[in-house]
Amino acid sequence: MSTRYQEPGRAARAANALIRWLAELGVSIAGTHALRVRGRTSGKMRAVVVNLLIVDGTDYLVSPRGNTQWARNVRAAGVVETGPRWRRRHARASEVADADKPELLRRYLDRWYWQVKDYVSGLTPQSTEEQFRAVAPTIPVFALAPDEAPR
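Residues numbered from 1 in each chain as written. Predicted model: local features only at pLDDT ≥ 70, side-chain atom pairs only at ≥ 80, totals over all residues. Heavy atoms only, no water.

Undergrad: A description of the sheet that holds strand E2 (residues 45–55) should follow, citing residues and the corresponding values.
TA: An order of E1-E2-E3-E6-E5-E4 is seen for the six strands of this closed barrel, with the pairing classed as antiparallel. Along the sheet, successive strands turn relative to each other by an average axial angle of 45°, direction set aside. Pairing of strand E4 (residues 79–82) with strand E5 (residues 89–95), which is carried by four bridges, proceeds in the antiparallel orientation. Residue pairing in the sheet places Val 79 in a bridge with Arg 92 of E5. Sheet contacts for helix H2 (residues 69–77): strand E1 (32–38), E2, strand E3 (58–62), E4, E5 and strand E6 (141–146); angle to E1, the most-contacted strand, approximately 55°. In the packing of helix H3 (residues 101–116) onto the sheet, the strands contacted are E2, E3 and E6, and the crossing angle to E2 comes to about 110°. (Pairing = 2+ DSSP bridges. Helix = DSSP H or I, 4+ residues; strand = E, 2+ residues; numbered from the N terminus. Axes fitted to C-alpha atoms, helices over the stretch in contact; angles between N-to-C directions. Contact = heavy atoms within 4.5 Å.)

As structure tokens, this is what we get:
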């Protein structure tokens, strides 16, 4: 597990707060979704906006900034809520093995490179398989599976 974390600046935090508010209302901008996860130490639900990658019917969370607070919370909690306030979906989250990340990261960058290019350790959608494998340990990726029991 990597400790790389690129903390967002003041402007990015403000923009993310606005986009998260819209996502909570059900307004998605370029594929954004509201994510809620229980905090590791506080136990309180924490909210963040993420790009939800869907590949072959499976939802994936990708943390391009590295080992962020929300990624650490997902790892510890193992369950998340996604979607707007009135239509929250509960899901179990399991971390994807580094060997399985390159194709998922490529698809993620195909869609959101314009948004995350400064946070993915120099990767581009055209990066080689070796480059993706080298960076994969520094980018947490979680697969989501339905969890019908609300928490």
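Undergrad: Please provide a residue-by-residue account of the nonpolar core, values included.
TA: Grouped together as the largest cluster of nonpolar side chains are 19 residues, with contacts concentrated most on Tyr 60, Ile 139 and Val 141. Take this core: its biggest share by element is six residues, from H3. Residues Leu 52, Leu 61, Ala 71 and Leu 144 belong to the second largest nonpolar core, which totals 13 residues. (Core = buried A, V, L, I, M, F, W, Y, C linked by side-chain atoms within 4.5 Å. Buried < 20%, exposed > 50% of the residue type's maximum accessible area, 1.4 Å probe, protein only.)

Undergrad: Can you tell me about the packing of aromatic side chains, naming the residues and giving the values?
TA: Two descriptors summarise a pair of aromatic rings, namely the distance from one centre to the other and the angle between the planes of the rings. Going through the model one piece at a time under the given rule, you end up with two aromatic pairs. Both rings, one in Trp 70 and one in Phe 142, keep their centres 6.5 Å apart while their planes meet at 55°; by these two values the pair is tilted. With Trp 70 in helix H2 and Phe 142 in strand E6, this residue pair connects regions lying 72 residues apart in the sequence. The residues Trp 70 and Phe 142 share a single accessibility class, namely buried. On the numbers, 5.0 Å between centres and 50° between planes, the contact of Tyr 108 with Trp 112 is tilted. With Tyr 108 and Trp 112 both in helix H3, this residue pair falls four residues apart, about one helical turn. (Phe/Tyr/Trp six-rings, centres within 6.5 Å; stacked < 30°, edge-to-face > 60°.)

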